[in-house]
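Overview (structure and organization)
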Amino acid sequence: THLGPLELKAVRGYLSKQGYESTGTPGCYNPSTRQWTAGVLIVWKGGMYEGGTGREHLAGRVVSVGLKAQDGSAFELVGAYMPVRSSDSATITEAWNIAEGLVLGAGHVVLAGDLNAELKAAIQRARRAGRERIETLADRRLQDFVDGDANMVALPASKRTYRDKSEIDHWLAGEGVA
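For every chain, the first residue of the written sequence is number 1, and numbering continues from 1 onward in sequence order. Residue-level local features of this predicted model are given only where pLDDT is at least 70; pairs of side-chain atoms are given and counted only at 80 or more, and the full residue set underlies all totals for whole chains, interfaces and linings. By convention in this description, side-chain values take in all heavy atoms of the structure and omit both hydrogens and water.

1. What to know about the pairing of strand E8 (residues 74-81)
Exposure categories follow from relative accessible area, calculated using a 1.4 Å probe and restricted to protein chains: below 20% of the type maximum is buried, above 50% is exposed, and the middle band is partly exposed. For the purposes of this entry, the term helix denotes a DSSP run of H or I that reaches at least four residues, the term strand denotes a run of E that reaches at least two, and both are numbered from the N terminus. With six of its eight residues buried, E8 lies for the most part within the structure. Pairing between two strands is assigned when DSSP locates at least 2 bridges connecting them. Both strand E7 (residues 62-69) and E8 contribute to a ladder of seven bridges, which runs antiparallel. For Leu67, the partnering residue across the bridge sits in E8 and is Phe75. A loop of four residues connects E7 with E8, the two strands running antiparallel in sequence, and Gly72 in this loop sits at a positive phi of about 95 degrees. Bridge count between E8 and strand E9 (residues 109-114): six bridges; the pairing is parallel. Pairing of Glu76 across the sheet is with Val109, part of E9.

2. Section: the pairing of E9
The buried count for E9 comes to five of six residues, which makes it a mostly enclosed element. Two strands pair when backbone bridges link them, and E9 and strand E11 (residues 169-173) are joined in this way by five bridges, in the antiparallel orientation. What sits directly across from Leu111, in E11, is Leu172.

3. Considering helix H2 (residues 89-103)
In this analysis, the expected span of each helix is defined as 1.5 Å times one less than the number of residues it contains. Over its 15 residues, H2 extends 21 Å from the first C-alpha to the last, a length consistent with the 21 Å expected when each residue adds 1.5 Å. A side-chain oxygen of the first residue of H2 lies 3.2 Å from the backbone nitrogen of Ala90; this N-cap is Asp88. What qualifies as a polar contact is a pair of N or O atoms within 3.5 Å, subject to a donor-acceptor requirement within protein and to the restriction that residues adjacent in sequence count only when both atoms come from side chains.

4. Overview of the environment of Val63
Relative to the elements of secondary structure, Val63 occurs in strand E7. Sequence separation between Val63 and Ala74 is eleven residues; the distance between their C-alpha atoms is 17 Å.

5. Quick word on the packing of H2 against helix H4 (residues 137-147)
Here, axes are lines fitted to C-alpha atoms. For helices the fit covers the stretch in contact, and angles between N-to-C directions go from 0 to 180 degrees. Following both chains from N to C, one finds H2 and H4 inclined at 10 degrees, their axes separated by 10 Å at the closest point. For the element pair H2 / H4, the angle class is roughly parallel. Counted together, Ser89, Ile92, Thr93, Trp96, Asn97, Ala99, Glu100 and Val103 of H2 and Leu137, Ala138, Arg141, Leu142 and Phe145 of H4 form the full contact between these two elements. Should an angle lie under 35 degrees it is considered roughly parallel, over 145 roughly antiparallel, and from 65 to 115 roughly perpendicular; all remaining angles are considered oblique. Residue contacts are defined here by distance: any two heavy atoms, one from each residue, within 4.5 Å place the two residues in contact.

6. Let's talk about unusual backbone geometry
Backbone geometry at Asn116 places phi at a positive 50 degrees, although glycine is not the residue there. Residue position: Asn116 is located in the loop between E9 and helix H3 (120-128). Given the relative accessible area of 8%, Asn116 is considered buried. Not every positive phi belongs to a glycine, and Asn151 is a case in point at roughly 50 degrees. Taking the relative accessible area as the measure of exposure, Asn151 reaches 35% and is therefore partly exposed.

7. Quick word on the side chain of His170
Assignment of secondary structure puts His170 in strand E11. A relative accessible area of 8% places His170 in the buried class. Of note is the side chain of His170, whose polar atom sits 3.1 Å from the backbone oxygen of Glu167. Setting aside chain neighbours within four positions, we find His170 in contact with Leu111, Ala112, Gly113, Leu115, Ala117, Glu118, Leu119 and Leu142.

8. Notes on a nonpolar patch on the surface
On the surface, Val153, Leu155 and Trp171 cluster together into a nonpolar patch covering about 300 Å² of accessible area. Its relative accessible area of 45% is what places Leu155 among the partly exposed residues. Each patch is assembled from residues with relative accessible area greater than 30% and no salt bridge, linking like charges that lie within 9 Å and nonpolar side chains (Val, Leu, Ile, Met, Phe, Trp, Tyr) that lie within 5 Å. Methods summary: accessible areas were calculated by the Shrake-Rupley approach with a probe of 1.4 Å, and residue burial reflects only the protein chains presented. The term salt bridge refers to a side-chain nitrogen of Lys or Arg lying within 4 Å of a carboxyl oxygen of Asp or Glu.

By themselves these figures say nothing about function.
Set out below in structure tokens:
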């Protein structure tokens, strides 16, 4: 969201007046640039879904909320703004380990957001189109969510989502939701 705490509170207040519920985590302030970076906001339509209490798992990066639809079906929605691929490996690993802990074995879970990583298929498409791509740690961690123990389904991206260059925004659904 790139919002500070006061801005996030104001946006959530506005959304509430429009009939939406929300949860989130403010971004992190960078004193050298004097800007807010990261931040996550999950929004759902009040009345369509009943939301539980949102939980912040990693400041500015990972939040979740349990949602229950009118038909009684329920799932956990995890919203993430993952570190950029050029971040140090410890920063990337911490964020992805937290997300992994939230989805492994959960079944009825959706992981969504700016994951700052591409699936193998997107990297291959970029290479075929003549755009240079080097697979990163973040890319491998994302692919593990699809191929590994989390066994999540990646909803297909219809286009590149970052500056028309890469597919880094994703919706991944657990077996119980897909």
